[in-house]
Amino acid sequence: MFSFFKVIPTITTQELAEKLPTNPKIVDVRTSSEYRGGHIQQAQNLPLARINHYHGNQEETIYVICQSGMRSKQAVKKLRKAGYPAVNVRGGMNQWRGTKVRGK
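Rules used throughout
- Residues numbered from 1 in each chain as written.
- Predicted model: local features only at pLDDT ≥ 70, side-chain atom pairs only at ≥ 80, totals over all residues.
- Heavy atoms only, no water.
- Helix = DSSP H or I, 4+ residues; strand = E, 2+ residues; numbered from the N terminus.
- Rg over C-alpha atoms; globule rule 2.2 N^0.38 Å.
- Contact = heavy atoms within 4.5 Å.
- Areas by Shrake-Rupley, 256 points an atom, 1.4 Å probe, with all protein chains shown as cover.
- Core = buried A, V, L, I, M, F, W, Y, C linked by side-chain atoms within 4.5 Å.
- Buried < 20%, exposed > 50% of the residue type's maximum accessible area, 1.4 Å probe, protein only.
- Pairing = 2+ DSSP bridges.
- Phe/Tyr/Trp six-rings, centres within 6.5 Å; stacked < 30°, edge-to-face > 60°.
- Salt bridge = Lys/Arg side-chain N within 4 Å of Asp/Glu carboxyl O.

Caption draft 1: Structural view of the overall build of the chain. Of the regular secondary structure elements, the chain holds 4 helices and 5 strands. Element order for the chain, N to C, with α for helix and β for strand: β-α-β-α-β-β-α-β-α. The C-alpha atoms of the chain give a radius of gyration of 13 Å, which matches the 13 Å a tight globule of 104 residues would have. The dimensions of the chain, computed from C-alpha atoms along their principal axes, are 45 × 25 × 25 Å. Residue pairs at least 24 apart in sequence account for 64% of intrachain contacts in the chain once pairs closer than 6 positions are excluded. With an accessible surface of roughly 6,500 Å², the chain has 50% of that area assigned to carbon and sulfur atoms.

The structure is reproduced here in structure tokens:
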């Protein structure tokens, strides 16, 4: 059966936490103030409104996170359309149980 909807690749926050020792590329698409309030240490902040400005290695998987998973899903669609292997982190920072750092 043909579907008009492309499946967005997704992982859980737990699966992302298990990948941290391999230093994955993580992009946090929340606003700068949300990001400063607490984020995953190696996450790069690039708010959703600026996601079209992302320029990275198109061979490297990008794990995209936001607060709940909605903005990251939109960002993953845009990144995949631009040729990046992007993966949505379901549940976002609301579900993140790992360490968070504050500030930039």
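Structure shown, so let's carry the discussion forward.
Caption draft 2: Layout of the nonpolar core. Grouped together as the largest cluster of nonpolar side chains are 15 residues, with contacts concentrated most on Val 27, Val 29, Ile 51, Tyr 54, Ile 62, Val 64 and Leu 79. Elements that contribute at least two residues to this core include exactly strand E4 (62–65) and helix H3 (70–81). The greatest single-element share of this core, amounting to 3 residues, is contributed by H3. When neighbours within four sequence positions are excluded, Val 27 is seen to be in contact with Gln 44, Leu 46, Ile 51, Tyr 54, Ile 62, Tyr 63, Val 64 and Ile 65. Counting residues in each nonpolar core, the second largest holds 12 residues, with Leu 16, Tyr 35, Ala 43 and Trp 96 among its members.

Caption draft 3: A look at the pairing of strand E5 (residues 86–90). Most of E5 sits inside the fold, with 4 of its 5 residues counted as buried. Pairing of strand E1 (residues 10–12) with E5 involves 3 bridges; the strand directions are parallel. Paired with Thr 12 across the bridge in E5 is Arg 90. Bridge analysis of E4 against E5 gives 3 bridges, and the strand direction is parallel. Note that in E5 the partner of Tyr 63 across the bridge is Val 87.

Caption draft 4: Spotlight on the packing of aromatic side chains. The full count for this structure, using the stated rule, is 1 aromatic pair. Ring centres 5.0 Å apart and planes at 75° place the aromatic pair Tyr 54 and Tyr 84 in the edge-to-face group. In this pair, Tyr 54 sits in the loop between strand E3 (44–45) and E4 while Tyr 84 sits in the loop between H3 and E5, placing the two residues 30 residues apart along the sequence. Judged on exposure class, the residue Tyr 54 and its partner Tyr 84 are both buried.

Caption draft 5: Main features of the pattern of salt bridges. In this structure the tally under the stated criterion is 2 salt bridges. For Asp 28, the salt bridge is made with Arg 30, and the minimal N-O distance between the two is 2.9 Å. This pair shows no difference in class: Asp 28 is buried, exactly as Arg 30 is. For Arg 71, the salt bridge goes to Glu 34, with nearest N and O atoms at 2.9 Å. Placement of Arg 71 in helix H3 and of Glu 34 in helix H2 (residues 32–36) is noted, with a sequence separation of 37 residues between them. Among the residues examined, Arg 71 registers a relative accessible area of 25% and is labelled partly exposed.

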